[in-house]
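In case you want the letters, here they are:
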Amino acid sequence: MLIFLEGTVLTLGAASSPDISAQDNTGGGHDRRDDHRGIAGSHEHTNYTYTKKAFPVLSLDYHHIQVPFEISLWVLLASLMKLGFHLIPRLSSIVPESCLLIVVGLLVGGLIKLAGEEVPPVLDSNLFFLCLLPPIILDAGYFLPIRPFMENIGTILMFAVVGTLWNAFFVGGLLYAVCQIEGTYLSQVELLPCLLFGSIISAVDPVAVLAVFEEIHINELLHILVFGESLLNDAVTVVLYHLFEEYSGAGEVTPMDVVLGVICFLIVSLGGIAVGAIYGILAAFTSRFTSHTRVIEPLFVFVYSYMAYLSAEMFHLSGIMALIACGAVMRPYVEANISHKSHTTVKYFLKMWSSVSETLIFIFLGVATVAGPHAWNWTFVSVTVILCLVSRVIGVVGLTFIINKFRIVKLTTKDQFIVAYGGLRGAIAFSLGYLLDKDLFPMRTMFLTAIITEIFFTVFVQGMTIKPLVDLLAVKKKQEAKRSINEEIHTQFLDHLLTGIEDICGHYGHHHWKDKLNRFNKKYIKKCLIAGERYKEPQLIAFYHKMEFKQAIELVESGGGVKLPSAMPSQVSMQNIQPKKLPPAVAERALPQFTKGREEEIRKILRSNLQKTRQRLRSYNRHTLVADPFEDGWNDFLLKKQRMIELEKKTDTRDPPQNNKQPIF
């Protein structure tokens, strides 16, 4: 279609149009002058010639709209491919969507090449990192399940930091050793470029993990472990990449460079989190004042998040961690301020945006594979694939052996297999390899070929076989169960109970610090970031209102026999829905109806007593017990009472009854 538009279209119709041309033979501009000579005056006028030419009834100017038109075509192609994929259920049950999209990209790139045109560099690094990746990471960060993520943060950090370092040095070091073997014709490859390649190829890709794990519906623990690792290993990858790239020209790395690398890792990771948290707080604070302009509420969520990503990338911090922190920080406060319609807009726009970006990434991977150039080396490529598998298995098994010593819920052998087998590579590795300088890295083309091969192996082989293996091993899958008030009550009760136990034992665990953070959040942060009186609402009652609202919306949308008024308010509540008349037997067991005053009184009692967490008590320590101010008086009272009882017993034994006396003889 693009080739056809490159041609010309004959103009149709004819009309007269003026052709103004200068009559100056010198080629300069025409000078029109009026000379007034004498009383009558004589004027010298320039002669204008009018010629007839064809009037452009239909003309073509493709280059004027080339860029937006091609972008629209790519988005349309991606959407149609996604639509067609889900219209064939048998295909989706066998082949993952990511595999099919890569095949589509290969076909599109092949057709462009067969047409004699040059395949465009669609997966440019700037396009990927600045346009395609942020929507996927923002969607993951905004809807990140905070509780399971924080409960497993130690395990995730072990896999993300220690595991990625192990994979990078294991793969890079052994690759360098293989390259020095005679007969491989790779002796010119040095150690630092091999370590750089190992740091690129060792990181788990979040886009590939999301695409595959969402289709197999794995349980929440394994999903959050692998996906959390893919998100948090970005800081390690960025530091290793820049460190080895910087010192590849120098040829050596000193101990001081290692120390600077560790400091750089802390700055990149913590700096990215700080930047994201700052923009998240700004977004929440801005949403506090949008009650009169609800239309622009979703815009602040997107703009502040993207600004967080760009700000982090500007200082070479971790943009992925900045987006994750921004989305996780802003969500509870923004959702308390914005309307339900804005919340729905944010939710579906993020899902749509991330889905289109993910589809384009896999299609562009296929197109970039056809575009080339490639430098195939059987030894380098095959050893790369084998070492990536071996290092992943050894790293997961070794780290799990250490982690299980500190975990209450141990990771089983099946869990370890899924975590190791789910370490997929994707477009991030390709884009980092694409950024390498050809002058500094003469083997860049061979590196890109090996990266593409590893991506195809993990996505096609591991991605297609992980679902049958999950079914074969009977790994626990995700259960779609709705949260209930009962579950929320028991969850809060256990949190408060464990916090109290930690206080009594004098052990400040994560429950203690979580409770401290919740108290600080309720006392200070919510007052500043949440509008109105909603910040005073207890967590359980807020959860109940959220469930009530969601249930009402679902009931209305399903048309469950509810007669709604003609003018429906924007805030739907369960009070607007008339309950059905209960049978007599059920009505007798129903709860009594309270007046509004009595109901409000009960609410106040619940808020002031049941929902109030315990006050801060002194932690128990048997060496430093603090005396109770009333303890001495109570002990004196008990001692006096005990003495009175003993005295009464003594008097009874000394003065026996007279009738019990017997004569001596």
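Preceding this section is the structure that the text describes.
What this report covers is the structure whose coordinates are included nearby. Here the structure is a predicted model, which is why all the values come from computation and not from measurement. (Residues numbered from 1 in each chain as written. Predicted model: local features only at pLDDT ≥ 70, side-chain atom pairs only at ≥ 80, totals over all residues. Heavy atoms only, no water.)

### Some remarks on the nonpolar core
So, step 1. Of all hydrophobic cores here, the largest spans 136 residues; its most connected members are Leu123, Phe128, Leu133, Phe213, Phe380 and Phe430.
So, step 2. Take this core: its biggest share by element is twelve residues, from helix α19 (residues 444–473). (Core = buried A, V, L, I, M, F, W, Y, C linked by side-chain atoms within 4.5 Å. Buried < 20%, exposed > 50% of the residue type's maximum accessible area, 1.4 Å probe, protein only. Helix = DSSP H or I, 4+ residues; strand = E, 2+ residues; numbered from the N terminus.)

### With respect to helix α21 (residues 510–529)
So, step 1. With 20 residues, α21 should reach 28 Å at 1.5 Å per residue; the first-to-last C-alpha distance of 25 Å falls well below that figure.
So, step 2. Of all the bends in α21, the greatest, near 45°, is centred on Asn521. (Expected span 1.5 Å × (residues − 1). Bend = angle between axes of the 7 residues up to and from the residue.)

### Points about the packing of helix α5 (residues 125–142) against helix α15 (residues 340–371)
So, step 1. Relative to each other, α5 and α15 sit at 135°, their axes nearing to 9 Å. Our classification of the angle between α5 and α15 gives oblique. Handedness of the α5/α15 crossing: left-handed. Taken together, the residues of α15 that come into contact with α5 (itself represented by Leu127, Phe128, Cys131, Leu132, Pro135, Ile136, Leu138, Asp139 and Tyr142) are Val346, Leu350, Lys351, Trp353, Ser354, Ser357, Glu358, Leu360, Ile361 and Phe364. (Axes fitted to C-alpha atoms, helices over the stretch in contact; angles between N-to-C directions. Parallel < 35°, antiparallel > 145°, perpendicular 65-115°, else oblique. Left-handed = near helix turned anticlockwise from the far one by under 90°. Contact = heavy atoms within 4.5 Å.)

### Section: unusual backbone geometry
So, step 1. Backbone geometry at His316 places phi at a positive 60°, although glycine is not the residue there.
So, step 2. Note that His316 resides in the loop between α13 (297–314) and α14 (319–337).
So, step 3. On the basis of relative accessible area, His316 is assigned to the exposed category, the value being 52%.
So, step 4. Of note in the backbone geometry, Ala474 takes a positive phi value of approximately 60° without being a glycine.
So, step 5. Mapped onto the fold, Ala474 is located in the loop between α19 and α20 (485–505).

### Quick look at the pattern of salt bridges
So, step 1. Taken as a whole and judged by the stated rule, the model has nine salt bridges.
So, step 2. Here Glu97 makes a salt bridge to Lys82, at a shortest N to O gap of 2.4 Å. With a gap of 15 residues between them, Glu97 in helix α4 (residues 97–114) and Lys82 in helix α2 (residues 66–86) connect regions that are remote in the sequence.
So, step 3. Between Asp139 and Lys351 there is a salt bridge, with the nearest N and O atoms lying 3.4 Å from each other. Of the two residues, Asp139 sits in helix α5 while Lys351 sits in helix α15, which places them 212 residues apart along the sequence.
So, step 4. Note on Asp139: relative accessible area 10%, which makes it buried.
So, step 5. Given a relative accessible area of 38%, Lys351 falls into the partly exposed group.
So, step 6. Overlapping salt bridges bring together Arg147, Glu151, Asp495 and Lys514 as one network. (Salt bridge = Lys/Arg side-chain N within 4 Å of Asp/Glu carboxyl O.)

### What about the environment of Val383?
So, step 1. Mapped onto the elements, Val383 comes out in helix α16 (residues 378–403).
So, step 2. Placed 212 residues apart in sequence, Val383 and Val171 show a C-alpha to C-alpha distance of 9.1 Å.
So, step 3. Residues within four places of Val383 in sequence aside, it is in contact with Leu175 and Val178.

### Some thoughts on the side chain of Glu454
So, step 1. Inspection of the secondary structure assignment puts Glu454 in helix α19.
So, step 2. As a buried residue without a salt bridge, Glu454 has its nearest oppositely charged side chain in Arg425, at a separation of 4.2 Å. (Lys, Arg positive; Asp, Glu negative; His and termini not counted.)

### Structural notes on empty space enclosed by the protein
So, step 1. Tallied over the entire structure, the rule returns five cavities of 30 Å³ or more.
So, step 2. Residue lining of the largest cavity: Ser92, Ser93, Ile94, Val95, Pro96, Val212, Glu215, Ile216, Gly463, Met464 and Lys467, and that is the complete set.
So, step 3. Elements that contribute at least two residues to the lining of the largest cavity include exactly α3 (89–94), α9 (206–216) and α19.
So, step 4. The residue inventory of the lining of the largest cavity, partitioned by class, reads six nonpolar, three polar and two charged. (1 Å grid on protein atoms, 1.4 Å probe; cavity = no way out; pocket = protein on both sides within 12 Å on 5 of 7 lines; lining within 4 Å. Points joined across faces, edges and corners; volume = space filled by probe spheres on them. Nonpolar A, V, L, I, M, F, W, Y, C, P; charged D, E, K, R; others polar.)

### What to know about the packing of aromatic side chains
Ring pairs (aromatic) are described by centroid distance and by the angle formed between their planes.
So, step 1. With the rule as written, the count across this model stands at 19 aromatic pairs.
So, step 2. With a centroid separation of 6.4 Å and an interplanar angle of 85°, the aromatic rings of Phe302 and Trp353 are classed as edge-to-face. Taken together, the positions of Phe302 in helix α13 and Trp353 in helix α15 put the pair 51 residues apart, joining distant regions of the chain.
So, step 3. What makes Phe302 buried here is its relative accessible area of 14%.
So, step 4. For Trp353, a relative accessible area of 31% gives the class partly exposed.
So, step 5. On the basis of an interplanar angle of 45° and a centroid distance of 5.1 Å, the ring pair of Phe520 and Tyr524 is categorised as tilted. With Phe520 and Tyr524 both in helix α21, this residue pair falls four residues apart, about one helical turn. (Phe/Tyr/Trp six-rings, centres within 6.5 Å; stacked < 30°, edge-to-face > 60°.)

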